[in-house]
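Spelled out, the chains give:
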Amino acid sequence: MISTLVPNRPVRAASWLRALLAFVMLQLLVTGCATPERLPAVPTASTIQADTGMGPIRFFVRRDVSGFEAEAKQSLARELAYRASMGQHGPLPPAYFLAISGGGDNGAFGAGLLNGWSAAGTRPEFKAVTGISTGALIAPFAFLGPKYDPVLEKVYTQVSQRDIFKMRGMIKGFFSDAMADTTPLYELVTRYADQALLDAIAAEYEKGRLLLVGTTALDSLEPVIWNMTAIAASKDPRAPELFRRILVASASIPGAFPPMMLDVTAGGQRYQEMHVDGGTIAQVFLYPPSMHLDQAGASAGRKRILYIIRNARLDPDWASVDRRTLPVATRAISALTQTQGIGDLYRIYTTTRRDGIDYNLAFIPPTFTVPHREEFDTNYMQQLYAVGQQMAAKGYQWQKFPPGYSE
């Protein structure tokens with residue numbers, strides 16, 4: 001037995017040494033790539049009470065819609081006061097609403113559509129604009145009108161991947177909070193969401209207009225609607241940074257892009273909320289379906305028209321999927337996102353039918369077949385922007401029903 005074991009000792013020693021070295025390397029990697037720390041999450045019972053330090057600037061609409069209803073009433077009161085100050089009396093003009101969906105670099109379609117709409121001379125001033133994900137990045141400029149069309153064109157036709165994110169590498173990404181670093185996106189948002197932009201938005205808030213952006217509170221797993229007009233109008237020195245962080249949070253795909261951590265207090269204790277892409281819960285939104293405009297006193301019997309820009313195709317998107325784990329999972333997630341987006345369009349449609357709002361929908365046509373070689377592919381965005389612009393400039397025929405529905 002001794003003679004049979006002795007020759008194996010060097011082999012066993014080498015195996016043991018390799019295992020030890022692998023263990024040491026793993027520990028070094030873990031130490032060097034320690035997971036980011038955070039303050040405690042807000043306890044579920046304190047979610048609504050969590051205070052950003054800037055007053056009532058957001059709504060947890062799944063828990064309580066009263067704050068949203070109060071803001072709707074106040075916006076009408078501000079509009080009436082502004083009209084009176086301008087000597088305008090009598091029936092209110094039609095109220096136009098715009099809801100802009102998520103869609104990543106497909107946001108080039110929405111940017112082009114808005115600019116073509118301006119060129120057609122039929123684009124209205126919107127009473128309220130809502131945005132999620134890439135729609136959140138478009139929303140402030142859509143809210144402020146054609147003056148900011150050149151910004152939309154530049155952002156959605158001249159950027160590339162390096163203007164949005166930097167890959168961290170497999171090991172660093174695995175032990176961090178995302179596979180990519182979105183510092184470039186934050187810098188891009190900072191360049192345009194400056195104090196002048198916030199001042200312009202604040203001025204519109206005083207006229208009774210609203211700019212709303214959706215994020216997902218990942219700890220409580222619920223949607224949060226941020227009143228960006230109230231943030232801009234707060235004049236708080238922290239407002240510009242919070243405004244930018246919310247925009248980036250709304251576009252931060254979990255796992256791919258880092259979440260935005262927001263400091264809050266509740267019951268005298270400090271906490272941190274983790275906010276990610278609003279598209280995690282909804283691709284597009286208008287207002288909580290549990291709120292009835294007439295009952296909330298926010299309509300004043302006026303005509304109301306909604307325009308939805310869905311930055312996606314709604315027809316089946318065929319592709320040959322490789323028989324490997326990542327392509328299969330990615331394709332399945334794409335299917336879930338598309339189906340969720342269609343469901344959102346139906347939810348909004350039923351709400352508008354109930355509340356007497358004219359429903360209008362735009363989406364990427366099935367005739368657009370330019371190859372999408374990578375995320376934020378500049379050539380792809382330029383051509384998609386051109387399609388949206390041309391469609392609107394010619395007089396876009398808005399769809400009156402969600403896909404697959406007819407009366």
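Read on for a plain summary of the structure. Quick caveat: nothing in here was measured; it's all calculated off a predicted structure.

A look at the packing of helix α6 (residues 149-157) against helix α14 (residues 378-393)
Describing two packed helices takes the angle between their axes plus the distance from one axis to the other.
Point 1. Interhelical geometry of α6 versus α14 gives an angle of 140 degrees and a closest axis separation of 8 Å. The pairing of α6 with α14 is recorded here as oblique in orientation. On α14, the residues touching E153, Y156 and T157 of α6 are T378, M381, Q382 and Y385.
Point 2. Residue composition of the contact of α6 with α14, grouped by class: three nonpolar, three polar and one charged.

Looking at the side chain of N115
Point 1. Mapping N115 onto the fold places it in helix α4 (residues 107-120).
Point 2. At 2.6 Å, the side chain of N115 and the side chain of Y385 are in polar contact.
Point 3. Beyond its immediate stretch of four places on either side in the chain, N115 contacts D149, L152, E153, Y385 and Q389.

Focus on α6
Point 1. All of the buried residues along α6 are D149, V151, L152, V155, Y156 and T157.
Point 2. Those residues of α6 that are buried lie in contact with α4, α5 (134-144), α8 (183-192) and α14.

Some details on the packing of aromatic side chains
Point 1. The tally for this structure, following the rule as stated, stands at 16 aromatic pairs.
Point 2. Relative to W398, the ring of W117 lies with its centre 5.1 Å away and its plane at 50 degrees, an arrangement referred to as tilted. Taken as a pair, W117 in helix α4 and W398 in the segment after α14 lie far apart in primary sequence, 281 residues in all. W398 shares its class with W117; the two are buried.
Point 3. Consider the rings of Y396 and W398, whose centres lie 5.3 Å apart with planes at 90 degrees: the pair is edge-to-face.
Point 4. Here R78 stacks its cationic end above the ring of Y205, 3.9 Å away from the centre of that ring.
Point 5. In this structure, R209 packs its charged tip against the face of F143, placed 4.1 Å from the ring centre.

Quick word on the pattern of salt bridges
Point 1. According to the stated counting rule, one finds 17 salt bridges in the structure shown.
Point 2. The residue E79 makes a salt bridge to K127 at a minimum N-O spacing of 2.9 Å. Highlighted residues: E79 in helix α3 (residues 66-85) and K127 in the loop between α4 and β3 (128-132), separated in sequence by 48 residues. Taken as a pair, E79 and K127 share a single burial class, namely buried.
Point 3. The salt bridge involving R168 is made with D177; its shortest N-O contact spans 2.8 Å.
Point 4. Each member of the salt-bridge network shares a partner with another, and the members are E79, K127 and R302.

Criteria and cut-off values
- Residues numbered from 1 in each chain as written.
- Predicted model: local features only at pLDDT ≥ 70, side-chain atom pairs only at ≥ 80, totals over all residues.
- Heavy atoms only, no water.
- Axes fitted to C-alpha atoms, helices over the stretch in contact; angles between N-to-C directions.
- Helix = DSSP H or I, 4+ residues; strand = E, 2+ residues; numbered from the N terminus.
- Parallel < 35°, antiparallel > 145°, perpendicular 65-115°, else oblique.
- Contact = heavy atoms within 4.5 Å.
- Nonpolar A, V, L, I, M, F, W, Y, C, P; charged D, E, K, R; others polar.
- Polar contact = N/O pair within 3.5 Å; in protein donor to acceptor, adjacent residues only side chain to side chain.
- Buried < 20%, exposed > 50% of the residue type's maximum accessible area, 1.4 Å probe, protein only.
- Phe/Tyr/Trp six-rings, centres within 6.5 Å; stacked < 30°, edge-to-face > 60°.
- Lys NZ or Arg CZ within 6 Å of the ring centre and 35° of its normal.
- Salt bridge = Lys/Arg side-chain N within 4 Å of Asp/Glu carboxyl O.

These figures capture arrangement, not role.
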